[in-house]
Amino acid sequence: MSTALPLPTTPWPLVRTVHIDRIHVNGPLDHDPLGELLYKELDSNTVIPIGASAVKPNTRRNPEEIYIRSKSVQPSGRAYMLEFDACPPKILQGHNFFGHADLADYTYALFDRQTRSVIKQEVSSDDRQCWATGQVGVTCVHLCANFWCPEGVQQECIDAIDENHRQGKHRDEETCISIGFTPRGRSQYHVGTVYAKHVMLEKEWPRPGPLQTRILGASRRSLRVEFKLYSQWLKRHKLDYVMRWKDVDVNAIFFKLLAEYQIASAIQPLLTEDEQRALSPAERRAYLLWLNGIDLEQYYSRTTVWKYATDIKEKTQMNVRGHRRPDALPPVDLRELLVPGNIVPIPNWAYENPRRYWAPGRAMEEAAAAKSAATLQSPAAPTMIPHDSLDAIMNDPELNKLAY
């Protein structure tokens, strides 16, 4: 008699996608400033507010607290912009192991929830329209994906990536490595991080519940890759407003950066005899020199090295630009592991548990439900004063210095 579990009655889609993990955004909101007001003395009789301090989270006290700051504080004492730094999946579904890539949905959900729980005031239709149409500035977005990986191999992968990159790297933990640093610090454009997510989750969930246990099980058999896109990259690619993310292919961005960082070439197998025979004599000599630890630039010009490396990769998929040499019997081939078809999909049970999976498109539905459930009549909205230019807010030097 079969003991197999019954198949789900609903044909849930198999979604393997890169998802948004963290955002730093600022958008319009007419409100009383949060935090402590900062003042400027105009003369001996006149002092006006010019800003407000940030309200920083205490996640031990409340995991749903986020970094929040009132911006564009006017002499009248009103603020007209609100800034968030938060992990939407963690706020909306209690974890960030998986999620979705709809930036507009995450942004609207955060603004709606925080104005109800923290600001606690009625929002004008003009401000809501700005959120709904994506008139919200973006200064940082994290894109990440979990890839199936044999349990116990994650540490070898991370150490191999470390060995393959001699500079521009940083390790906060033994099970984590970040690439994309300059002598002055992290890049203003982007940083790539590879880590074992289950190590972090086990610290967060010392006594996991049933669904957390399932997430932990998947995380132990996966390797997480994350790219943090900062303000300079967002501006260069004209993605510094939420509205401009509407038709963006986040998978294409993620895998393009993955190729630039050469993470997949940290662990690769030796070329077989057949693969070597596919190379020209000059290409094979270059490969053998590199295989024996020789820096090819000692023998060839940079142009020739680039040509040989490009031709060898096109014919055999071998990347000879890295510092780590291939293995005879590698634990995994990262070139096969870090591909779209190997992303850990959203599990079937997640669709049936909305508290553990926030599906794209829910933000508007939740906002409408909360509004209809309100029992008290909201007071009339205060008189609107034109918002400061979003472009001026985006050039705030403090935002550009903020590291994650």
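Going along each chain's sequence as written, the residues are numbered from 1 onward. Given that this is a predicted model, residues contribute local features only at a pLDDT of at least 70 and side-chain atom pairs are listed and counted only at 80 or more, while totals for whole chains, interfaces and linings are drawn from all residues. Derived side-chain values reflect all non-hydrogen atoms in the structure, with water molecules and hydrogen atoms excluded from consideration.

Trainee: Can you lay out the overall build of the protein chain for me, pointing to particular residues and giving the numbers?
Mentor: Comment: elements are numbered from the N terminus, with helices defined as DSSP H or I runs of at least four residues and strands as E runs of at least two. Secondary structure summary: the protein chain contains 16 helices and 12 strands in total. Between two residues, a contact is recorded if the distance between any of their heavy atoms is within 4.5 Å. In the protein chain, of all internal contacts separated by at least 6 residues, the share reaching a separation of at least 24 is 72%. Only the protein chains shown count as cover for residues, and all accessible areas are computed by the Shrake-Rupley method using a 1.4 Å probe. Counting only carbon and sulfur atoms, one obtains 52% of the accessible surface of the protein chain, whose full area is about 21100 Å².

Trainee: Summarise unusual backbone geometry; cite the residues concerned and give the values.
Mentor: With phi around 55°, K238 is a residue other than glycine that occupies positive phi space. Mapped onto the elements, K238 comes out in the loop between α7 (231-236) and α8 (250-260). Burial classification: accessible surface area is computed with a 1.4 Å probe over protein chains only, and a residue below 20% of its type maximum counts as buried, one above 50% as exposed, and the rest as partly exposed. Looking at K238, the relative accessible area reads 59%, which means it is exposed.

Trainee: Just give me the short version of the packing of helix α5 (residues 197-204) against helix α6 (residues 210-220), but keep the residues and values in it.
Mentor: Every angle, taken between N-to-C directions, lies between 0 and 180 degrees, and every axis is a line fitted to C-alpha atoms, over only the stretch in contact when it is a helix. In the contact formed by α5 and α6, the axes pass within 8 Å of each other and the chain directions differ by 155°. By the angle between their directions, the pair α5 and α6 is classed as roughly antiparallel. Where α5 crosses over α6, the two elements pack in a sense that is left-handed. Note on element contacts: α6 touches α5 through I215, L216, S219 and R220, opposite H198, L201 and E202. Residues are sorted three ways: Asp, Glu, Lys and Arg are charged, Ala, Val, Leu, Ile, Met, Phe, Trp, Tyr, Cys and Pro are nonpolar, and all the rest, Gly among them, are polar. Counted by class, the contact of α5 with α6 contains 3 nonpolar, 2 polar and 2 charged residues. Under this scheme an angle from 65 to 115 degrees is roughly perpendicular, one under 35 degrees roughly parallel, and one over 145 degrees roughly antiparallel; angles in between are oblique. Crossing chirality is assigned from the near helix's rotation relative to the far helix, an anticlockwise turn below a right angle marking it left-handed and a clockwise turn marking it right-handed.

Trainee: Describe the nonpolar core, and please don't skip the residues or the numbers.
Mentor: Formed by 65 residues in total, the largest nonpolar core has its most connected members in L143, F147, V225, F254, I263, L334 and L338. If we ignore the near neighbours within four places in the chain, the residues touching F147 are R221, S222, L223, V225, F254, F255, L337, L338, V339, N342, I343 and V344. Formed by 13 residues, the second largest nonpolar core is a distinct cluster that contains L201, W205, L216 and I346. Buried residues of nine kinds, namely Ala, Val, Leu, Ile, Met, Phe, Trp, Tyr and Cys, make up a nonpolar core once their side-chain atoms join them within 4.5 Å.

Trainee: Account for helix α11 (residues 302-316), naming residues and giving values.
Mentor: Expected helix span is given by 1.5 Å per residue-to-residue step, counting one fewer step than there are residues. The terminal C-alpha atoms of α11 lie 21 Å apart, and with 15 residues this matches the ideal 21 Å at 1.5 Å per residue to within 8%. Listed as buried for α11 are V305, Y308, A309, T310, D311, I312 and T316. Each element contacted by the buried residues of α11 is listed here: α9 (273-277), α10 (281-291) and α12 (334-337). One or two positions beyond α11, positive phi appears at Q317, with a value near 70°.

Trainee: So what's going on with the pairing of strand β12 (residues 222-230)? Which residues, and what values?
Mentor: Summarising burial for β12: 9 of the 9 residues are buried, a large majority. Relative to β12, strand β11 (residues 190-195) runs antiparallel, the two sharing 6 bridges. Across the sheet, residue V194 finds its bridge partner in β12, namely V225. Strand pairing is defined by DSSP finding a minimum of two bridges between the two strands.

Trainee: Outline the side chain of H190, listing residues and values.
Mentor: Turning to its location among the elements, H190 is positioned in strand β11. A distance of 2.8 Å separates the side chain of H190 from the side chain of Y261, its partner in a polar contact. Sequence-distant contacts of H190, that is, excluding residues within four places in its chain, are made with G180, K228, L229, Y230, W233, L257, E260 and Y261. In protein, a polar contact means a hydrogen-donor-capable atom and an acceptor-capable atom, both N or O and within 3.5 Å, with residues adjacent in sequence counting only if both atoms are side-chain atoms; elsewhere, any N or O pair within 3.5 Å suffices.

Trainee: Account for α10, with residues named and values stated.
Mentor: Of all the residues in α10, the buried ones are E283, A286, Y287 and W290. Projected down its long axis, α10 shows its buried positions confined to an angular sector of 100°, all on one face. Of the residues in α10, the exposed ones pointing more than 90 degrees away from the buried face are P281 and R285. In this structure, the buried residues of α10 make contact with α9 and α11. Of the residues trailing α10, G293 is marked for its positive phi of about 90°. The arc in question is formed by the directions pointing from the helix axis toward the C-beta atoms.

Trainee: Give a description of the pattern of salt bridges that names residues and reports values.
Mentor: When a carboxyl oxygen of Asp or Glu is within 4 Å of a side-chain nitrogen of Lys or Arg, the pair counts as a salt bridge. Counted under the stated rule, the structure contains 24 salt bridges. Here E366 and R113 are joined by a salt bridge, their closest N and O atoms 2.9 Å apart. With a gap of 253 residues between them, E366 in helix α14 (residues 362-373) and R113 in helix α2 (residues 103-119) connect regions that are remote in the sequence. Residues E366 and R113 agree in their burial class; the two are buried. Ionic contacts of the salt-bridge type, sharing partners, join the residues D112, R113, R116, R128 and E366 into one network.

Trainee: Any chance you could break down the packing of aromatic side chains for me, citing the residues and the numbers?
Mentor: Centres within 6.5 Å are what make two rings of Phe, Tyr or Trp a pair, Trp counting through its six-membered ring; a difference in plane orientation under 30 degrees is then read as stacked, over 60 as edge-to-face, and the rest as tilted. Under the counting rule described, the total for this entry stands at 14 aromatic pairs. Geometrically, a lysine NZ or arginine CZ counts as sitting over a ring once it is within 6 Å of the ring centre and also within 35 degrees of the ring normal. A cation over a ring is seen here: R186 above Y230, with NZ or CZ 3.5 Å from the ring centre.

Trainee: Please give an account of the sheet that holds strand β7 (residues 169-170) that cites residues and values.
Mentor: The 8 strands are arranged β4-β5-β1-β6-β12-β11-β8-β7 in an open sheet whose pairing can be described as antiparallel. Pairing within the sheet leaves two strands with one partner each, and these edge strands are β4 (67-73) and β7. Taken together, the 7 bridges between strand β1 (residues 19-31) and strand β5 (residues 79-86) define a ladder with antiparallel strand orientation. The residue bridging G27 from the neighbouring strand is L82, located in β5. Contacting β7, β8 (176-179), β11 and β12, helix α4 (residues 154-164) crosses the sheet at an angle of about 30° to β8.

That's the geometry; what it means functionally is another story.
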